[in-house]
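# Architecture at a glance
The primary structure of each chain is shown beneath.
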Amino acid sequence: MISSELTNKNGHLMIGGVDSVDLASKYQTPLVVYDVEEIRNQVRLFKNSFEKSGLNYQISYASKAFAAVGIYQVLNQEDVHTDVVSGGELFTALKAGFPADKISFHGNNKSQEELEMAVDNHVGVIILDNFYEIGLLEEILETKDAKTNVMLRLTPGISAHTHKYDQTGQVDSKFGFDVGSGQASEALQRVLSNKRMNLIGIHAHIGSQIFGVEGFVMLVKKMFEIAEDWKNKFSYVPQVINLGGGFGISYNDQDEAIGPDVFIQKIVETVKQQAKAKDLALPEIWIEPGRSIVGPAGYSLYTIGSRKDVPDLTSYVNVDGGMGDNIRPALYQAKYEAVVANKMDEKLTEDVHIAGKYCESGDILIDHQKLPDTKAGDILAILDTGAYGYSMASNYNRNPRPAVVFAEDGHDKLVVERESYEDLVKLDRNYI
Ligand SMILES: Cc1ncc(COP(=O)(O)O)c(C=O)c1O
Ligand SMILES: N[C@@H](CCCC[NH3+])C(=O)O
């Protein structure tokens, strides 16, 4: 939701102290704008909650939510870690000057090249996902006469209450070593027997856009159950327990998100109880928030163009972007809210569909949105699009991807250029 202090005297939406209508005119639309202070504030909220607890912790930003040189630089300034899930994300983070030893490398099918890149660049930790990967890494380390930190990603058998595509912790998942069947302890023994791998801890991620603390409480209990079992059977005690990300945010007034502090308080409380009950030393707790760091800080600005009124039924207000820059409504039935950035003070007079420009009936960005009277040329701002919007963008219909701008303290800076038509054909080669 938009608070009134985000509207200036001209009735325009302000982002990071900058008039969004000016941004739309300066950089054109569609445009993704981040309020950088809001990103910093979210990181600090997570940090402060941990600081109060006295636990050792680490926040590792899940950069799949939004990966670009600029965001890695901001997060490095905020002194957190980051996780990457591909050679491309790793390359971008390194290019941004992000310290390699603060990078965790995830993925259920990392290639040989990606693992070599991780080893050559001395990333902080490789999070092992399956036996094939253990084999690949064993060979790479042997060939390169190298060593690396690793963690084991476990599938704890916990289903988060969220969209099916956003669940990752259930037994039937493509990620991680299954705990119940003994796969996880087999992986543990294999890694412990390899002198080139330093197993710093265990990891699990139960899903994304989670609203309740119960899943995390169950996860902490499960991780301590595993730790106790492994201490007894294999004399192994994890120094780090990584609980993944998934902290939900509010996209609309039906979403009841709880703040980072509530999640962290409950996690910390359960960790302390469990460590005491199981007589285990307090581990370092790592989390991997993605959406909650960048989601609320992002705005998608579009220019309103054509309109279709279906007599006695409904109206479509069409914008100059759509599923190519935000696939989430089409893919997950995600529900966003929008405002007209140049008419913030005007009365809402109608309820319309906000449609994109892509050649798909499913390219509807918002199913029902109350708007003031609009005309072509007005600037529509969809709120909270900072996570998994630009990062999942495509060139469908050969539409160039939008530019990305950071706004902070009344200043704006272009951090990702708009793709040009030339960019679109840059990789094409003649056949004839
Ligand atoms: C391993 C892992 N960590 C962290 C995240 C980030 O999740 P979110 O953006 O919901 O915080 C994901 C994505 O779901 C993930 O797969
Ligand atoms: N892309 C998903 C979340 C990422 C899941 C990553 N494991 C979304 O937009 O909700």
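Note that this is a predicted model, so its numbers are computed, not measured.

Two elements, strand β19 (residues 403-408) and strand β20 (residues 411-416), share 5 bridges in a ladder whose sense is antiparallel. Counted as the bridge partner of alanine 407 is aspartate 412 from β20. Between β19 and β20, which pair antiparallel and follow one another directly, the connecting turn spans 2 residues, one of which, aspartate 409, has a positive phi of 50 degrees.

Further remarks concern the nonpolar core. In terms of nonpolar packing, the biggest core is built from 85 residues, with Phe66, Leu128, Leu152, Leu154 and Val294 touching the most fellow members. The element contributing the most residues to this core is helix α8 (residues 214-234), with 8 residues. Contacts of leucine 154, omitting those with residues within four sequence positions, involve Phe177, Val179, Ala184, Ile202, His203, Ala204, Met223, Ile226 and Trp230. With 20 residues, the next largest nonpolar core counts Val21, Val33, Ile379 and Leu383 among its residues.

Further remarks concern the site of ligand 1. Taken together, 15 residues form the shell around ligand 1, and within it His205, Ser208, Glu288, Arg291 and Tyr388 come nearest. At 2.7 Å, a backbone N or O of arginine 291 approaches an oxygen atom of ligand 1. Relative to its unbound accessible area of 390 Å², ligand 1 is 94% covered by the protein chains.

Further remarks concern the UniProt feature "binding site: pyridoxal 5'-phosphate" (unreviewed entry) in the protein. Listed under "binding site: pyridoxal 5'-phosphate" (unreviewed entry) in the UniProt record, and renumbered for this structure, are Gly246, Glu288, Pro289, Gly290, Arg291 and Tyr388. Topologically, glycine 290 is positioned in the loop between β12 (284-287) and α10 (291-294). Contacts of glycine 290, omitting those with residues within four sequence positions, involve Tyr61, Ala62 and Ala65. By secondary structure assignment, the location of tyrosine 388 is in the loop between β18 (379-383) and β19. Classification of tyrosine 388 as buried rests on a relative accessible area of 14%.

Criteria and cut-off values
Residues numbered from 1 in each chain as written. Chains lettered and ligands numbered in written order. Predicted model: local features only at pLDDT ≥ 70, side-chain atom pairs only at ≥ 80, totals over all residues. Heavy atoms only, no water. Pairing = 2+ DSSP bridges. Helix = DSSP H or I, 4+ residues; strand = E, 2+ residues; numbered from the N terminus. Core = buried A, V, L, I, M, F, W, Y, C linked by side-chain atoms within 4.5 Å. Buried < 20%, exposed > 50% of the residue type's maximum accessible area, 1.4 Å probe, protein only. Contact = heavy atoms within 4.5 Å. Near = heavy atom within 4 Å. Polar contact = N/O pair within 3.5 Å; in protein donor to acceptor, adjacent residues only side chain to side chain. Areas by Shrake-Rupley, 256 points an atom, 1.4 Å probe, with all protein chains shown as cover. UniProt positions renumbered as here; feature names shortened; annotations may be inferred.

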